[in-house]
Amino acid sequence: QFPRQCATVEALTSGECCPDLSPVSGPGSDPCGSFSGRGQCIQVTADSRPHGPQYMHDGRDDREQWPIRFFNRTCSCNGNFTGYNCGTCRPGWSGPACDQPTHIVRRNLLDLSREEKNRFVNALNQAKNAMHPDIVIATRRREEILGPDGNTPEFENVTIYNYFVWSHYYSVRKTFLGPGQQSFGGVDFSHEGPAFLTWHRYHLLQLERDMQDMLQDPSFALPYWNFATGRNTCDICTDDLVGAKSNFDTTLLSQNTIFSQWRVLCENIEDYDTLGTICNSTEGGPIRRNPAGNVARPMVQRLPEPQDVALCLEVGLFDTPPFYSNSSDSFRNTVEGYSDPSGKYDPAVRSLHNLAHLFLNGTGGQTHLSPNDPIFVLLHTFTDAVFDEWLRRHNPDNSIYPIENAPIGHNRQYNMVPFWPPVTNNEMFVTAPENLGYSYEVQWPSRALHVTEIITIAIVTALILVAIIFAGATCIVHARRNKDESHQPLLTDQYQTYSDDYDCIPTPSQSVV
Ligand SMILES: O=C(O)c1cc2cc(O)c(O)cc2[nH]1
């Protein structure tokens, strides 16, 4: 959310968050690396275009026009520099001047070597326990952020992985409308709208970057889980990967995985919603996961099929009005999983990404908690791979991403909540290999033929066969007729050559010995 340097009474009251890159001669001497030309402290641009009708409590939520309720001045970095103080490089660039291109490849978790799998699991566990070096989280709404005495900013340290969990929670939390009033849940800054794909893309990029820095390994790449294999089992739910089931309680993880020791963040949803508090860095109970175990909802006891991915990649429009979870013929709503895989909206359907979440049947199936289960990372890298393949195939102009009237948080120029420094949906609506320095190693399924396509092919084939038979028969008849005519007892005929008779193919009587 915010850099530690900005979690102060001074920064919050001035509305300026422009930390020094290198405090060469005291605080305020090198804001945003301006000394070395990396960036400058400027007015934040926040999207104020109209949003959709789903949210009608304007003025009541800190996330409106993010991030201006907290800060209205921030670093704007030049060239390939980025970060809260312009101290790092944009994704895909490295080196002291951020002018060296870099590229990493995200691979199928199941294709990694035993050593690579171990390294990934250990890296996740390290991220779960290592304090985030730069970022702190707000534990109160803006109106209470300075604490009861107005002088004690309510922020907490958080670990790298828990920051990933908390960001997702903060983006989906309800709008608090006051004590004794029901919080408003019809708001979601990261789902049920076009930003679903751009928001989750940045969410993963941020975790990947934080883990690269933690490991001091710029080549570290998040792998993916291909959840659309058509097999209705969680093939990565094994103890060498994200953990098998416990033998003692089928809703828990086996003692043989480190993830059984993880404790979840943001469990106390009733407290947040009734007291108007915000999830803090206190952990609670264990991860729960019971894949295909939701007997009350047989519809979500299965995983998507390869065909579902092939079909959704053919949906030609990125998103369609009302740019919400009831959009039809929308690629975004299809891959998110509120439409059937061919794009038709059906309120009873859960497909692709949503189906994979619900299949997990536990922590990973509840929006305020889901990233607590590390399988979330892998489920979303695969969803992002589908998004990237769609961008590659359809090569859209960014003008097709809605500029206004999308649900709040989802307009093209909206700064994604709660990321810092501010980053718009637009900036993530680009092909990853060319613009973000990563790609996916993945084989996409080809689409099975529709019944209508099979019938069309059969009819065309039959017509071609009929045409060939007809042409052949015509030739034969024609040849016979010529032959009959050639047998007329005319003296001149004796001097006819064979070739005169060979209009099409020789009849047996014309065969030359
Ligand atoms: O009910 C759904 O379709 C559903 C559940 C769920 C959980 C989650 O963490 C998501 O990110 C999305 C989602 N959709």
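Quick notes on the rules
- Residues numbered from 1 in each chain as written.
- Predicted model: local features only at pLDDT ≥ 70, side-chain atom pairs only at ≥ 80, totals over all residues.
- Heavy atoms only, no water.
- Helix = DSSP H or I, 4+ residues; strand = E, 2+ residues; numbered from the N terminus.
- Rg over C-alpha atoms; globule rule 2.2 N^0.38 Å.
- Areas by Shrake-Rupley, 256 points an atom, 1.4 Å probe, with all protein chains shown as cover.
- Lys, Arg positive; Asp, Glu negative; His and termini not counted.
- Charge placed at Lys NZ, Arg CZ, Asp CG, Glu CD.
- Near = heavy atom within 4 Å.
- Polar contact = N/O pair within 3.5 Å; in protein donor to acceptor, adjacent residues only side chain to side chain.
- Nonpolar A, V, L, I, M, F, W, Y, C, P; charged D, E, K, R; others polar.
- Salt bridge = Lys/Arg side-chain N within 4 Å of Asp/Glu carboxyl O.
- Buried < 20%, exposed > 50% of the residue type's maximum accessible area, 1.4 Å probe, protein only.
- Core = buried A, V, L, I, M, F, W, Y, C linked by side-chain atoms within 4.5 Å.
- Contact = heavy atoms within 4.5 Å.
- Disulfide = S-S within 2.5 Å.
- UniProt positions renumbered as here; feature names shortened; annotations may be inferred.

Trainee: Quick question: what am I supposed to make of the overall build of the protein here?
Mentor: The helix and strand inventory of the protein stands at eleven helices and 14 strands. Over its C-alpha atoms the protein spans a radius of gyration of 31 Å, topping by over 25% the 24 Å that the globule rule assigns to 513 residues. C-alpha extents for the protein along the principal axes are approximately 125 × 60 × 50 Å. Here the protein has roughly 23400 Å² of accessible surface; of this, 53% comes from carbon and sulfur atoms. If you average the places of the 38 positive and of the 58 negative side-chain charges in the protein, the two averages end up 3 Å apart.

Trainee: I keep staring at the site of the ligand and nothing clicks. Help me out?
Mentor: In the vicinity of the ligand, the contacting residues are H168, H191, R350, H353, N354, H357, L358, G365, Q366, T367 and S370. At a separation of 3.0 Å, an oxygen atom of the ligand approaches a polar side-chain atom of H191. At a separation of 2.7 Å, an oxygen atom of the ligand approaches a polar side-chain atom of R350. The greatest single-element share of the shell around the ligand, amounting to four residues, is contributed by helix α8 (residues 352–360). Its residues assigned to classes, the shell around the ligand shows one nonpolar, nine polar and one charged.

Trainee: Please clarify how the pattern of salt bridges should be interpreted in this entry.
Mentor: Following the criterion strictly, the structure yields 25 salt bridges and no others. Here E144 ties to R141 by a salt bridge, and the two come within 3.4 Å at their closest N and O atoms. Judged by relative accessible area, which is 31%, E144 ranks as partly exposed. Since its relative accessible area comes to 10%, R141 is described here as buried. For D329, the salt bridge goes to K344, with nearest N and O atoms at 2.7 Å. Of this pair, D329 sits in the loop between α6 (306–312) and α7 (331–336) while K344 is found in the loop between α7 and α8, placing the two residues 15 residues apart along the sequence. Looking at K344, the relative accessible area reads 44%, which means it is partly exposed. Connected through shared salt-bridge partners, R106, R201, E208, D384 and D388 make up one network.

Trainee: Help me understand the nonpolar core, please; the structure alone is not making it clear to me.
Mentor: The tendency in soluble globular proteins is for nonpolar side chains to be buried as a group. Core analysis: the biggest nonpolar cluster contains 112 residues, and W166, W225 and F331 have the highest contact counts within it. By residue number, the principal contributor to this core is helix α9 (residues 375–394), which donates eleven residues. When near neighbours in sequence (up to four residues on either side) are disregarded, W166 contacts Q1, I137, A138, L265, C266, I278, C279 and P418. Of all hydrophobic cores here, the second largest spans nine residues; its members include C41, C75, C77 and C98.

Trainee: Before we go on, may I ask you to explain the state of the cysteines in this structure?
Mentor: Simply put, the disulfide is a covalent bond whose two ends are the sulfur atoms of two cysteines. One pass over the structure, following the stated rule, counts seven disulfides. A sulfur-sulfur separation of 2.1 Å characterises the disulfide bridge that pairs C77 with C86. Because the sign of the S-S torsion sets the handedness, a value of about -90 degrees for the bond joining C77 and C86 places this disulfide among the left-handed ones. For the pair shown, C77 and C86 are each scored as buried. Each sulfur in the disulfide pair C234 and C237 lies 2.0 Å from the other. Disulfide C234 to C237: torsion about the S-S bond roughly 75 degrees, handedness right-handed. We note that C234, like C237, is buried.

Trainee: Help me out: how do you make sense of the side chain of T381 in this one?
Mentor: Note that T381 resides in helix α9. Note on T381: relative accessible area 0%, which makes it buried. Reaching out from T381, the side chain makes a polar contact with the backbone oxygen of L378 at a distance of 3.0 Å. In contact with T381, not counting residues within four places along its chain, are R106, L204, L222, P223, Y224, W225 and Y440.

Trainee: Please clarify how the UniProt feature "domain: Tyrosinase copper-binding" (unreviewed entry) in the protein should be interpreted in this entry.
Mentor: According to UniProt, the "domain: Tyrosinase copper-binding" (unreviewed entry) feature falls on residues 191–208 and 373–384. The straight-line gap between the two end C-alpha atoms of residues 191–208 is 21 Å; of that span, 78% is helix and 0% is strand.

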